[in-house]
Amino acid sequence: MLNCNQVVLREPGDNVLIDSGYCTHRERTLELVAGPAGLEGEPLERLINTHCHTDHMGGNAAIASAHGCRVTIPVGEAKHVNPWTPATGDMELFDHKADPFHFDDTLASGDRFDGAGFEWQVHAAPGHDMEALMFFEPRHRILVSGDALWENGMGIVWPQQGRNPHIEASLETLACIERLAPAVVIPGHGAPFADVAGSLANVRSRLAAFSADPVKNARHLIKVLFMFALLERESMPVADVAGYLAHVPCYGKLNEFVGLEGEALTQWLLPELERVGAIRIASGRVRPMVAA
Ligand SMILES: [Zn+2]
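The notes below deal with the structure included here. Predicted model, so just to flag it, every value in this text is computed and none were measured. (Residues numbered from 1 in each chain as written. Predicted model: local features only at pLDDT ≥ 70, side-chain atom pairs only at ≥ 80, totals over all residues. Heavy atoms only, no water.)

Before going further, it helps to examine the packing of aromatic side chains. Overall, the coordinates contain six aromatic pairs when judged by the stated rule. Between F94 and W158, the ring centres sit 6.3 Å apart and the planes meet at 55°, which makes this aromatic pair tilted. One end of the pair, F94, is in helix α5 (residues 91-94); the other, W158, is in the loop between β9 (142-146) and α6 (165-180), and 64 residues separate them in sequence. Look at W158 and you get partly exposed, because its relative accessible area is 23%. On the basis of an interplanar angle of 90° and a centroid distance of 5.1 Å, the ring pair of F113 and F135 is categorised as edge-to-face. Within this pair, whereas F113 is found in strand β6 (residues 112-115), its partner F135 is found in strand β8 (residues 133-137), the two being separated by 22 residues in sequence. (Phe/Tyr/Trp six-rings, centres within 6.5 Å; stacked < 30°, edge-to-face > 60°. Helix = DSSP H or I, 4+ residues; strand = E, 2+ residues; numbered from the N terminus. Buried < 20%, exposed > 50% of the residue type's maximum accessible area, 1.4 Å probe, protein only.)

See below:
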């Protein structure tokens with residue numbers, strides 16, 4: 001959850017890595033990328049991001065400094081990364097961290113790039129992140145989908161009363177995936193999967209529910225974002241939770257939909273997460289029960 005998948009496309013002299021994970025996992029990411037599951041000691045020539053959220057670009061600086069590789073980001077993300085500010089990757093909004101990095105060039109929808117001896121098409125994947133891209137290899141029909149489609153969901157989509165442009169864009173991205181008809185999807189989180197029709201149906205029904213009920217979406221986001229915060233810290237004193245939720249901007253914005261005053265947000269959130277087995281409360285601390 002905290003760390004995205006990192007996809008290595010191997011071609012001697014032109015090795016490509018897609019996405020770099022969250023910054024607190026940078027040492028592990030460096031090991032994995034260089035190790036037997038990755039480059040087996042070969043150099044890395046290029047790092048490409050599907051989008052510039054912290055769990056996908058947080059390791060960019062570490063990878064670039066270890067490998068001296070070219071860094072390529074989606075063209076629409078350039079304005080979010082340069083200049084580097086607290087708004088970059090929504091760090092301030094979500095209380096996330098990332099190491100500042102330099103990028104060398106950009107990719108846009110319609111571009112192509114070489115990876116693992118094949119030509120990859122670049123497609124727009126707006127919705128979760130309006131500037132996101134996804135990458136498709138037409139010969140084997142492999143899609144690297146980022147957070148546009150996972151086996152059992154997709155990246156969070158911000159709630160909105162009435163028409164929600166993020167949900168509308170997500171539905172267009174799902175329609176694009178359906179047209180591409182991938183044989184296998186390598187998602188930004190979770191295992192690769194082949195039942196693309198099943199995943200598309202699942203995500204469409206979730207988006208329909210979120211569109212009809214933005215409050216449900218906001219509640220879902222509060223839970224997901226708080227779990228991310230817990231995983232990053234590994235645990236949090238119960239006594240600090242209300243202060244944390246009051247201090248980090250995204251919870252206040254989401255609570256505008258939910259409408260729980262003061263301590264009521266914490267008193268709803270913790271039992272809710274405990275009930276589904278996502279957290280455990282013991283000795284005055286909240287601990288996540290899912291893997292980072
Ligand atoms: Zn992600």
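Read on, since the account is not over.
The next point concerns the sheet that holds β8. The strand order β6-β7-β8-β9-β10 describes an open sheet built from five strands, whose pairing is mixed. Lying at the two open borders of the sheet, with one neighbouring strand each, are β6 and β10 (184-187). Adjacent strand axes in the sheet meet at a mean angle of 30° when their direction is disregarded. Across three bridges, β8 lies against β9 in antiparallel orientation. Counted as the bridge partner of F136 is L143 from β9. Where α6 meets the sheet, its contacts fall on β7 (118-124), β8 and β9, and the angle it forms with β8 comes to roughly 5°. (Pairing = 2+ DSSP bridges. Axes fitted to C-alpha atoms, helices over the stretch in contact; angles between N-to-C directions. Contact = heavy atoms within 4.5 Å.)

This paragraph deals with the pattern of salt bridges. Inspection of every chain in the model, using the stated rule, returns 14 salt bridges. E42 is the salt-bridge partner of R10, the closest N and O atoms lying 2.7 Å from each other. Of this pair, R10 sits in the loop between β1 (7-9) and β2 (16-18) while E42 sits in the loop between α1 (26-34) and β3 (46-48), placing them 32 residues apart in sequence. Of the charged contacts in the structure, one is a salt bridge between E272 and K223, with a shortest N-O distance of 3.3 Å. In this pair, E272 sits in helix α11 (residues 264-275) while K223 sits in helix α8 (residues 214-233), placing the two residues 49 residues apart along the sequence. (Salt bridge = Lys/Arg side-chain N within 4 Å of Asp/Glu carboxyl O.)

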